[in-house]
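# Examining the three-dimensional arrangement
Next come the chains, spelled out residue by residue.
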Amino acid sequence: MLASLLFFASGVVLGPESEIVIAPDACQVVQVAAAEAKTFLSQSLGADIPIVRSRTPGKTALVLGANAWADAAGVTTNGLTRDFFRIRAAPDGTAVYVRGRDDPKANAKRALEKGGEKSQRFERATVFGVYEFLERFAGCRFYFPGEMGEIVPRRDRIVVPEGTDVVRSPRFTQRSVSLNGGASGPDQVLNWVRLRLETEHIQCGHGLNSFDYARRFADTHPEYFCLKADGTRATLKEDPNPRSQSHPVGQLCHTSKVWDEIAEDVLSYFRGESAERRTGRPHWQKNCRGDHVDIMPQDGMWKCHCDACQAAYDTDFGRNYANTLIWRHTAEVARKVQDAGLKGRVAQMAYSPYSAVPDFDLPPNVDVMVATMGPWSLKDERLFARSAQNVKDWAKKVGHTVWLWTYPGKVNAMNLPAAPQIAPKAWGKYYQRMAPFIFGAFNESESDSFYFNYLNFYVFSRVSWDPSVDVDAIVSEHHRLMYGKGAPAMAKFFDRLEDIWLNELTREDDKTSTGGEPSYSPPGPYKLLTQVYSKKTLQELRALLGQAAAAVEPGGADARRIRFAAEKIFQPIWKRARDYQKALDPECEEERRARAVSVQSVPASAKWWCKDAERTVEGDKAVFTVRPGGKGTLGLKTAGVALKPNTRYRASCYLTTHLNDLPFKEIKKGNGFLFELSEEHGRKRLHRVTGLFGERPRESHGFDFETGDEVGEGGSFAVYMYGVTGTVEMDGLAVMEMGER
C-alpha cells in the first residue's frame, strides 16, 4: 500500500503513520524544530506524529537537522551561510530532509521561555526550514501564536513533490522589530521565531555610552566633555532624572582627545584584549558585538561651546552642524582598524546632527545605519522620494548597502492610545522599494497592543526574506485564510484602518523626512476621538465587522476570528471614543447631575479676578476673552461651596469655544484653554481640564475627585488661556457631591 501511495503521489507522502526523526544527540535548536513540526503535523494529519531518534523501516519520515541519515543523503550545510536552510525530498520517496545552519551550543528551549528578542540571537536555520516546510507543503500560516492566529488546514496526507530541493536564505540579514504591546514575553518571542526574524544583531544606537567615559574620565579629564553655555563641563556621571530625555551623561567635546580614547577602545576590542584593562569592566559592553563596534554619540547630542567645536561646526549643513566632525572621526577610527590589520568594522548612524552624506570618502569597513521615517512615509511620495534618495546616496557613498532605523511606533507624539497602527501594505511596499539599497532594518515599532502590529510584522518578515513577493496578495491571503467568506468585508475593514492611520494621523514635519526621529503632528484627543474616529466612522467599521460575521458560519473558526479581531482591534478605539464623546455630551452630564447627592452651583455673575483677560456676563453665561498675544488668567474663589472629608465629588461646567487652532507642538507645551479646581489651603490642584482650542460646540467638561480626612478652607476655580485668542463661553459651573469614598 505504501509503495502504491508513493508511486501515485510522485514524491514523498507524509501521513498519520509517518514520523519525525532527529539524531540521538540532536542539539536543542533541532529539538525545538521537531517540537514545532510535531505540533502542526499532528494537527494537520489528525494523528499524533511521534519524534524518534532512529528511523523505522517502512515509514516515511521528516528528518530534521544534522544527522547520519541527512549526511548519507548528501543533505549538508556545506557552502551555506547564516540562516540558509535546505528542504530535499529523497529520490526513493521515503523521507523529506530539512537541514540548516544551527548553533549546537544554544539553549534554544530556555530562550523561548525567557522572552525578549536578545535571547534569540543564535543560528536556528533548521527551525526556519520547518516553518517553510509547513507553509509550503501543509498550507500552514503563522500570523501570531495561538489558535486565532495559526492556520493549520486538515489533510489526509502531505505530498512533497519528487525532485524537491529548496534552498532559501533571507535577503535582509537584519530583520528586527520592537517587542511590546500587551502579549506575553514567550508568545512574542515565539512569534519572532516563527516570522524568521534576525538571528544576529549589529548594534548601532549611541554606542559611545557603553564605553562609560563619564565614569572613566570625568574627574581626570573634564576637557573630554561638552562645555555648556554656563561655562561648566558636562561631567555628570549619573542622570538624576532618566525620564527627562535630556541625556546629560556622556555628552562629549568632539574636538578633544577623547577620540584618541575611543579609537584605542575599538582597537583593543578587535585585538581581543581584556575589557578590564581599558574600561575597568569585566566584559565589553553591548556596543562591542561580533565584528562590529558601535561608536555613535550620545542621544540628543549637545552643542559644545568651546572655541574648537564652535569653529569645527558646519555652517552649511543647518541642523547637521556636527556632520563633518563626526564623520571624519568615524573615518579615522575605521582607518586605524585597517592600518592595524584587524578585521573589524565600525558602525555609525546617520542621525541628527550628523545625518548628511559627507563630501569625503569613508573607508570600506564603515557600516552606516540611516535613521529615517520608515513605512509611514510611503503615503507621501514627495517625502518618501527624499528619504529614499538619502538612503541611496549613503549606499553609494560607502560602496555597499546600508541598514535602517525606522520609526513606525506609537511613541512621543504618536502615542495615541487605542488607535490601531495597522498599515501592512505600507510596511511591505516601503521595504520593497528600499531593498536595493539596504541589508535590513530595525523598526522602532512600539505599540499599546501586540494585535495592532501583528500583520505589519508578518508582511515585513515576508519582504525581508524575498522583496519580490506580491504584498497585496499576502494581505489578501491573510484575509481569506483568517476570515473565509467574511474576507471581502474584513479587507475593507483593514484597508480603512490603514487609510486612517496613514492619511489622518501620521502627519510629519518636512524637516524630519531624513536624519533622525520624525516629528509628527497628530491631532489632539478631541479631533482624534470626535472627528477622526467619529461616530460615523466607527459605525462604518462596526458595520463591516457585522457584514463579515453575517457571511460566515456562526460559531465556526472564521466567526471566532472575526469576533477576535473586533475585540482586539476595533473595541479599544470604539470604547475610548465612545467614552470620550459621552463625557462631552451635555445630556449625559445632566444625567450625572441628576444622580448626585447634592449640586452646588456657581452663578455666572460670581466675581472673578482677571489678569490679561476679560470676563463678561451674558445671561446665564460667563464669557472669557483673551486678546492676541495675551496669556489670560482668571480665578474664582468657590464662595459658598463646602467640601466634606472622605467624599467623592465632581466639578463640571459647559463650555463653548471660539478659539484658534493650535499645532501639536503648542499643545505639548500646555497651551490652550485650561480649567482647574484647586484646594485653597496649600494650593493643592484637585484636577484640571487641559488644552481646549479651536471651534467647538457646547460641551460638558468636568472631572471627578475625592477628598481625604481633612479638607482645606474653601477652594478656587481658575481659567488659563495660553497661546490662544478668542472667546470661551461657560455656563452651569457646579460642584456635585457623588457619595462617600
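What comes next is a walk through the structure. (Residues numbered from 1 in each chain as written. Predicted model: local features only at pLDDT ≥ 70, side-chain atom pairs only at ≥ 80, totals over all residues. Heavy atoms only, no water.)

So, on to the sheet that holds strand 17 (residues 438–443). Sheet strands pair by backbone hydrogen bonding; their relative direction is either parallel or antiparallel. The strand order across the open sheet built from seven strands is 11-17-16-15-14-13-12, with neighbouring strands paired in mixed fashion. Either end of the sheet is taken by a strand with one partner, and the two such strands are strand 11 (174–177) and strand 12 (288–289). In this sheet, strand 17 lies alongside strand 11 in parallel orientation, the contact comprising four bridges. Of the residues in strand 17, the one forming a bridge with Val177 is Asn443. Those strands touched by helix 14 (residues 454–465) are strand 11 and strand 17, and its axis lies near 175 degrees from that of strand 11. (Pairing = 2+ DSSP bridges. Helix = DSSP H or I, 4+ residues; strand = E, 2+ residues; numbered from the N terminus. Contact = heavy atoms within 4.5 Å. Axes fitted to C-alpha atoms, helices over the stretch in contact; angles between N-to-C directions.)

Tracing the sequence through the fold places Pro24 in the loop between strand 2 (19–21) and helix 2 (28–45). Looking at Pro24, the relative accessible area reads 61%, which means it is exposed. Along the backbone, Pro24 and Trp465 are 441 residues apart, and their C-alpha atoms lie at a distance of 32 Å. (Buried < 20%, exposed > 50% of the residue type's maximum accessible area, 1.4 Å probe, protein only.)

Once that is clear, we can look at the packing of helix 12 (residues 381–398) against helix 13 (residues 424–434). The contact between helix 12 and helix 13 brings their axes to 11 Å, and the two run at 40 degrees. Regarding the angle of helix 12 to helix 13, the classification is oblique. Between helix 12 and helix 13 lies a crossing of right-handed hand. Across the interface between the two elements, Glu381, Phe384, Ser387, Ala388 and Val391 from helix 12 touch Tyr430, Arg433 and Met434 from helix 13. Partitioned by chemical class, the residues of the contact of helix 12 with helix 13 number five nonpolar, one polar and two charged. (Parallel < 35°, antiparallel > 145°, perpendicular 65-115°, else oblique. Left-handed = near helix turned anticlockwise from the far one by under 90°. Nonpolar A, V, L, I, M, F, W, Y, C, P; charged D, E, K, R; others polar.)

As a further point, take the pairing of strand 21 (residues 621–626). As defined by bridge partners, strand 20 (residues 614–618) adjoins strand 21 across five bridges and the pair is classed as antiparallel. Each bridged residue has a counterpart across the sheet, and for Glu618 the counterpart in strand 21 is Lys621. Where strand 20 folds back on strand 21, the antiparallel hairpin that results is connected by two residues, among which Gly619 adopts a positive phi of roughly 65 degrees. Of the strand pairs in this sheet, strand 21 and strand 28 (residues 726–740) are connected by five bridges, and their pairing is antiparallel. Paired with Ala622 across the strands is Met730, a residue of strand 28.

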